[in-house]
Amino acid sequence: TVDTAVFEVARGGILREGLGYDRNDVAVVTNVAGDHLGLGGIETVGQLANVKGVLVDAVPRNGTAVLNADDPLVARMARRSDGKVIYFTMATEKGTAGWDRVDTHCGRGGAAMILQETEDGELLALRQGQRIMPLIYTHLIPATLDGRARMNVANALAAAAAAWAHGAHLHDIRQGLRTFTT
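My aim in this report is to walk through the structure given alongside it, one point at a time.

Basis of the calculations
- Along each chain, numbering runs from 1 in the same order as the chain's sequence is written.
- This being a predicted model, a pLDDT of at least 70 is required before a residue's local features are given, and a value of 80 or more before pairs of side-chain atoms are given or counted; all residues contribute to the totals for chains, interfaces and linings.
- The basis for the side-chain values is all heavy atoms of the structure; hydrogens and waters are excluded.
- Working definition: a ring pair exists when centres of Phe, Tyr or Trp rings (six-membered ring for Trp) sit within 6.5 Å. Plane angles under 30 degrees give stacked, over 60 give edge-to-face, the rest tilted.
- Labels follow the DSSP assignment, with helices taken as runs of H or I lasting at least four residues and strands as runs of E lasting at least two, numbered in each case from the N terminus.
- Only protein chains enter the accessibility calculation, which uses a 1.4 Å probe. A residue is then buried if its area is under 20% of the maximum for its type, exposed if over 50%, and partly exposed in between.
- Strand pairing is defined by DSSP finding a minimum of two bridges between the two strands.
- Axis lines are fitted through C-alpha atoms, for helices just across the contact stretch, and the angle between N-to-C directions can take any value from 0 to 180 degrees.
- Whether two residues touch is decided by their heavy atoms; if any such pair falls within 4.5 Å, the residues are in contact.
- Taking the helix axis as origin, the arc is that swept by the directions to the C-beta atoms.

### Digging into the packing of aromatic side chains
Argument step 1. Under the counting rule described, the total for this entry stands at 1 aromatic pair.
Argument step 2. When the ring of Phe7 is compared with that of Tyr21, the centres are 6.1 Å apart and the planes differ by 20°; the resulting orientation is stacked. With Phe7 in the segment before helix H1 (11-17) and Tyr21 in the loop between H1 and strand E1 (26-29), the pair connects residues that are 14 residues apart, well separated along the chain.
Argument step 3. For Tyr21, a relative accessible area of 24% translates into the label partly exposed.

Structure, rendered in structure tokens:
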């Protein structure tokens, strides 16, 4: 039997064939970038955001959309989710769009995977409301190359948020991040 399936859904596949399934318990959208334009009549990043938003449309009431708070086009997809939203952000300073978006969301009782600057290094943490639960330092995640591979730090935040949304315990998420290599 299958307990969990993880799919990467490409925008080209969505344009050619549709989503390929009816619903997702957890949907993750990491970014909308101009390097994915030119296929199927998609010429603007706004149009591309609409295509990628199909993933969020497929989130049921009991599901979760994991969205990049640092990308305004992705963050706006929260409106399309019938379920909960968990943001993730690389922003560590108040006054940046991602940080402020997460602060507002968590201030309303929402959840987010965040980065915190500490004396011991950069820390991934789960923020739920005003409570912050430490997860793992970026330099302890092999895929981040001591925290220098920023794209993989962002991916770790998104993956941790998705796993937590699916019901994984923080110690299991921590172990997964600690042992995953590229």
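Structure's up, so let's keep going.
### Points about the pairing of E1
Argument step 1. Of the two faces of E1, the one holding Ala27 and Val29 is buried and the one holding Val26 and Val28 is not buried anywhere.
Argument step 2. Pairing of E1 with strand E2 (residues 64-68) involves 4 bridges; the strand directions are parallel. Bridging from a neighbouring strand, Val28 pairs with Val66 of E2.

### Some remarks on the sheet that holds strand E3 (residues 84-88)
Argument step 1. Read from one edge of the open sheet, 6 strands run E1-E2-E3-E4-E5-E6, paired in mixed fashion. If you trace the sheet from one side to the other, it starts and ends with E1 and strand E6 (131-137), each paired once. Within the sheet, the average angular offset between the axes of one strand and its neighbour, ignoring direction, is 25°.
Argument step 2. In terms of strand pairing, strand E4 (residues 111-118) meets strand E5 (residues 121-128) through 8 bridges, oriented antiparallel. Bridging from a neighbouring strand, Ala111 pairs with Gln128 of E5.
Argument step 3. Lying over the sheet, helix H2 (residues 45-57) contacts E1 and E2, oriented at roughly 155° with respect to E1.
Argument step 4. Relative to the sheet, helix H5 (residues 150-165) contacts E1, E2, E3, E4, E5 and E6, its axis offset from that of E4 by approximately 140°.

### A look at helix H4 (residues 97-107)
What sets the pattern is the α-helix's 3.6 residues per turn: residues three or four places apart point alike.
Argument step 1. All of the buried residues in H4 are Gly98, Val102, His105 and Cys106. Angular distribution of buried residues about the axis of H4 spans 90°; they occupy a single face of the element.
Argument step 2. If you follow the buried residues of H4, they end up packed against E3, E4 and E5.
Argument step 3. Gly109 occupies a position one or two residues after H4 and carries a positive phi of about 95°.

### Section: the pairing of E2
If a strand is regular, its side chains alternate between the two faces of the sheet.
Argument step 1. E2 sits mainly inside the fold: 5 of its 5 residues count as buried.
Argument step 2. Neither face of E2 is exposed, since Thr64, Val66 and Asn68 on one face and Ala65 and Leu67 on the opposite face are all buried.
Argument step 3. One ladder, built from 5 bridges, connects E2 with E3; its direction is parallel. Within the sheet, the bridge partner assigned to Val66 lies in E3 and is Ile86.

### Things to note about the environment of Asp35
Argument step 1. Along the chain, the position of Asp35 falls in the loop between E1 and H2.
Argument step 2. Along the backbone, Asp35 and Val45 are 10 residues apart, and their C-alpha atoms lie at a distance of 9.1 Å.

These results come straight from atomic positions and should not be treated as a statement about function.
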